[in-house]
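The chain contents come next:
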Amino acid sequence: DVKVTQSSRYLVKRTGEKVFLECVQDMDHENMFWYRQDPGLGLRLIYFSYDVKMKEKGDIPEGYSVSREKKERFSLILESASTNQTSMYLCASSRQGETQYFGPGTRLLVL
Amino acid sequence: SQQGEEDPQALSIQEGENATMNCSYKTSINNLQWYRQNSGRGLVHLILIRSNEREKHSGRLRVTLDTSKKSSSLLITASRAADTASYFCARRLTGRRALTFGSGTRLQVQP
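These notes cover the structure that comes with them. Since this is a predicted model, take the numbers as computed values, not measurements.

Some words on the pairing of strand E6 (residues 55-58) of chain B
As paired strands, E6 of chain B and strand E7 (residues 61-66) of chain B are joined by 4 bridges and run antiparallel to one another. Residue pairing for E7 of chain B: His-57 of chain B is matched across the bridge by Arg-62 of chain B.

So this is what it looks like as structure tokens:
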């Protein structure tokens, strides 16, 4: 059974803190993705990675960075959290061009 | 919007009725996928339809694709209260690795 896990379901941080969101998949997928989801805006792609150490910016990369040192793990980093980064963050993985498998999401609140 | 449109934004029906959701897009696609999201959860893949396919079925789900009109529809037949969720279409645009999601349709099935 395929599985994508995210390190936290809920997270509360203060403005200016550095925040790490971790995502792990056990399906040996090449591609991994980070989205944020906000009411009325659907899912917006922040960054994705198509191989170890490879990454591409999505539609809204500003204020975020990512790291993929191992194939199964993709980390999203908020260098200095701001209140407008309060959101639901969803990680997904896939083989090339195919179905994406999503984690349960991390609801981040930045105070 | 570069993503296209999904309509309706919200749909409320009685159990046993059919539900139809529509998705349009603006540029050429390799495939189009439908996902479901229960409240506060990650997305679950339902169906993938490729650009050279016109219709696909999976249980009570039927997806059509009209590339000349750049549109797709998802039909859920004989709906159940458990079908209550948000439904998203995701386009894999030609030349892009990642999917482009719309803002979704919120379906409420009344028992």
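So that's the structure; there's more coming.
Here we look at the state of the cysteines
Scanning the entire structure with this criterion turns up 2 disulfides over all chains. Here Cys-23 of chain A is linked by a disulfide to Cys-91 of chain A, with a sulfur-sulfur distance of 1.8 Å. Because the sign of the S-S torsion sets the handedness, a value of about -75° for the bond joining Cys-23 of chain A and Cys-91 of chain A places this disulfide among the left-handed ones. Within this pair, whereas Cys-23 of chain A is found in strand E3 (residues 19-25), its partner Cys-91 of chain A is found in strand E9 (residues 87-94), the two being separated by 68 residues in sequence. The buried category is assigned to Cys-23 of chain A, whose relative accessible area is 0%. Cys-91 of chain A gets classed as buried once you look at its relative accessible area, which sits at 0%. At a sulfur-sulfur separation of 1.9 Å, the disulfide partner of Cys-23 of chain B is Cys-89 of chain B. Across the disulfide from Cys-23 of chain B to Cys-89 of chain B, rotation about the S-S bond amounts to roughly 60°, and the bridge is consequently right-handed.

What about the packing of aromatic side chains?
Enumeration according to the criterion identifies 8 aromatic pairs over all chains in this entry. Ring geometry for Tyr-35 of chain A and Phe-101 of chain B: centres 5.3 Å apart, planes at 85°, overall edge-to-face. With Tyr-35 of chain A in strand E4 (residues 31-38) and Phe-101 of chain B in strand E10 (residues 100-101), the pair connects residues from two separate chains. You'll find Tyr-35 of chain A and Phe-101 of chain B in the same group, each marked buried. Each member of the aromatic cluster is reached from another via a ring pair, and the members are Phe-33, Tyr-35, Phe-48 and Phe-102 of chain A together with Tyr-35 and Phe-101 of chain B.

Criteria and cut-off values
Residues numbered from 1 in each chain as written. Chains lettered and ligands numbered in written order. Predicted model: local features only at pLDDT ≥ 70, side-chain atom pairs only at ≥ 80, totals over all residues. Heavy atoms only, no water. Pairing = 2+ DSSP bridges. Helix = DSSP H or I, 4+ residues; strand = E, 2+ residues; numbered from the N terminus. Disulfide = S-S within 2.5 Å. Buried < 20%, exposed > 50% of the residue type's maximum accessible area, 1.4 Å probe, protein only. Phe/Tyr/Trp six-rings, centres within 6.5 Å; stacked < 30°, edge-to-face > 60°.

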